[in-house]
Amino acid sequence: MAKVNDNYLKLPGSYLFSTVARKVREFQEANPDKQVIKLSIGDVTQPLAPAIIESLHKAVDEMGKAETFRGYAPDLGYEFLRKTIAEKDYKPKGCNVSADEIFISDGAKSDSANIQEIFSLDNKIAVGDPVYPVYVDSNVMAGRTGTYDKVKETWSDVIYMPCLAENNFVPEIPKEVPDLIYLCFPNNPTGATIKKAQLQEWVDYANKVGAVIIYDAAYEAYISEADVPHSIYECEGARTCAIELRSFSKNAGFTGVRLGFTVVPKDLMVDGVALHGLWARRHGTKYNGAPYIIQRAGEAVYSDAGQAQLREQVAYYMKNAAYIYNGLKEAGYSVSGGVNAPYVWLRTPGNMTSWEFFDYLLEKANVVGTPGSGFGPSGEHYFRVNAFGSYENTVEAIRRIKAL
Ligand SMILES: Cc1ncc(COP(=O)(O)O)c(C=O)c1O
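Residues numbered from 1 in each chain as written. Predicted model: local features only at pLDDT ≥ 70, side-chain atom pairs only at ≥ 80, totals over all residues.

Enquirer: Outline the site of the ligand, listing residues and values.
Expert: Taken together, 14 residues surround the ligand, and among them G107, K109, N188, S247 and S249 come closest. The element contributing the most residues to the shell around the ligand is helix α4 (residues 108–114), with 3 residues. Here the shell around the ligand is built from residues that sort into 4 nonpolar, 8 polar and 2 charged. (Near = placed C-beta within 6 Å. Helix = DSSP H or I, 4+ residues; strand = E, 2+ residues; numbered from the N terminus. Nonpolar A, V, L, I, M, F, W, Y, C, P; charged D, E, K, R; others polar.)

Enquirer: Break down the packing of helix α3 (residues 79–90) against helix α9 (residues 292–300) for me, with residues and values.
Expert: For the pair α3 and α9, interaxial distance at closest approach is 9 Å and the crossing angle is 25°. On the basis of their axis angle, the class for α3 and α9 is roughly parallel. Our pair here, α3 against α9, has a crossing hand that is left-handed. On the side of α3, the interface is formed by F80, L81 and T84, while α9 contributes Q295, G298 and E299. In terms of residue class, the contact of α3 with α9 is made up of 2 nonpolar, 3 polar and 1 charged. (Axes fitted to C-alpha atoms, helices over the stretch in contact; angles between N-to-C directions. Parallel < 35°, antiparallel > 145°, perpendicular 65-115°, else oblique. Left-handed = near helix turned anticlockwise from the far one by under 90°. Contact = placed C-beta atoms within 7 Å.)

Enquirer: Describe the sheet that holds strand β17 (residues 382–386), and please don't skip the residues or the numbers.
Expert: Taken in spatial order, the 4 strands line up as β13-β14-β17-β16 in an open sheet, and their pairing is antiparallel. Unpaired on one side and paired on the other, β13 (335–337) and β16 (370–371) mark the two borders of the sheet. As defined by bridge partners, β16 adjoins β17 across 2 bridges and the pair is classed as antiparallel. For T370, the partnering residue across the bridge sits in β17 and is R384. (Pairing = 2+ DSSP bridges.)

Enquirer: Which residues make up the packing of helix α2 (residues 50–63) against α9, and what values go with them?
Expert: For the pair α2 and α9, interaxial distance at closest approach is 8 Å and the crossing angle is 150°. If you check the angle between α2 and α9, you find them roughly antiparallel. In this structure, α2 meets α9 at a crossing whose hand is right-handed. Between α2 and α9, the residues in contact are A51, I52, S55, L56, K58, A59, V60 and M63 and Y292, I293, R296, A297, E299 and A300, respectively. Class assignment of the residues belonging to the contact of α2 with α9 gives a composition of 10 nonpolar, 1 polar and 3 charged.

Enquirer: Account for α2, with residues named and values stated.
Expert: Given a rise of 1.5 Å per residue, 14 residues ought to cover 20 Å, and the 20 Å separating the end C-alpha atoms of α2 matches this to within 8%. Those residues of α2 lying buried are A51, I52, S55 and A59. Each buried residue of α2 sits inside an arc of 95° when the element is viewed along its axis, so together they form one side. Residues of α2 that are exposed and point more than 90 degrees away from the buried face comprise P50, V60 and D61. Of the surrounding elements, those touching the buried residues of α2 are α7 (249–252), α9 and α10 (304–330). (Expected span 1.5 Å × (residues − 1). Buried ≥ 20, exposed ≤ 12 C-beta atoms within 10 Å, placed from the backbone. Arc of directions from axis to C-beta.)

Enquirer: Let's hear about the environment of V385: which residues, and what values?
Expert: Within the element layout of this structure, V385 appears in strand β17. The sequence separation of V385 and Y15 amounts to 370 residues, and the corresponding C-alpha distance is 18 Å. Leaving out residues up to four positions away in the same chain, V385 has contacts with L39, I324, V344, L346 and G369.

Enquirer: I'd like a rundown of the domain arrangement of the chain, residues and numbers included.
Expert: According to the domain assignment, the chain contains domain 1 (11–47 + 305–402) and domain 2 (53–303). One C-alpha centre belongs to domain 1, the other to domain 2; they are set 25 Å apart. Counting from both sides, the interface comprises 32 residues of domain 1 and, opposite them, 39 residues of domain 2. Going through the elements one at a time, α10, β13 and β14 (343–347) are the ones with two or more residues in the side of domain 1 that touches domain 2. Of the residues forming the side of domain 1 that touches domain 2, the biggest block, 7 residues, is contributed by α10. Residue classes in the side of domain 1 that touches domain 2 are distributed as 16 nonpolar, 14 polar and 2 charged. (Domains from an automatic or database assignment.)

Here's what the structure looks like:
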């Protein structure tokens, strides 16, 4: 008789954004005349840049001709894209990453969920708290997290590293030694960043204790300050302890197009085994490669025209971020983030819970954000507002919040 993977049954409630979507739907059904502004799920709104569209069209036409048609893509990614990333992304940052250490995928969500598969179930994970929910949930599904405490909303076998105002939302090295450390900077949900010297401490620590850092740099394009690293490979020694996850979603608007990549350096060994080989094996068995058309679109991201257009796109969102940050501050909120990330993180007023503030904002201002508690227990009493809306909607949302 078949049995289910009962680790799935341990997952609490529904995915955060499903609950947000349900509440918004119910509100809209009850209030059809109200114009709701959504600054919740981190989805972009600007259309794809012209250089990317041009490349997509060209690739589509190639697929229509026998001489240029492509079938299955190489499962690790086309050479043209892997080389472009190594040359135009990592080299200018001074990072030693070669094309064959770059694994092309359909995005950082799947990579961040799948990467745990190449590690033993005995490994203990450490995560920032609050955190992008996929890291923990994928480890729950694998059976690595122990039992769930409904009151504390924590897993017994997960090391939580609180990210609070007191530590500028940057986790401190935990007392208990982890095997796998998930770090995400610029951070979703807090919008916080880590300075290069701080990240270097993590790299040194991981090398010392034999831990692996899974570094999610999905938002690196939003970094504006000089001493904030864009890649963990800017740190000395990262090649022997870190895997980096990257996405085309936020820097180039690919949320609906789907493209990302993971870097696994060849020097990264665990128990004498190269993780590069394991990830290549996993990719080869479980993945048939991102579509040719999409990989050509990814290549266009690095063209001169693409880079110029995307700088403008990022600037557009960051103008929103500054507007949100300043507007909320003027309205008396305690805010952070929004400088090197498209997220502003605010402290809820009057000690309201995150969900109470969500309901309050939805009902009174018809604005939707994301309750901080949905990202982990230390997110309670916090709230995330994103900068991915249109400028007009952003201005209107802040006007409404200020009028409360
Ligand atoms: C921290 C972080 N990593 C990964 C992702 C997913 O990126 P992708 O669209 O490439 O799957 C997101 C999306 O919101 C994110 O916030």
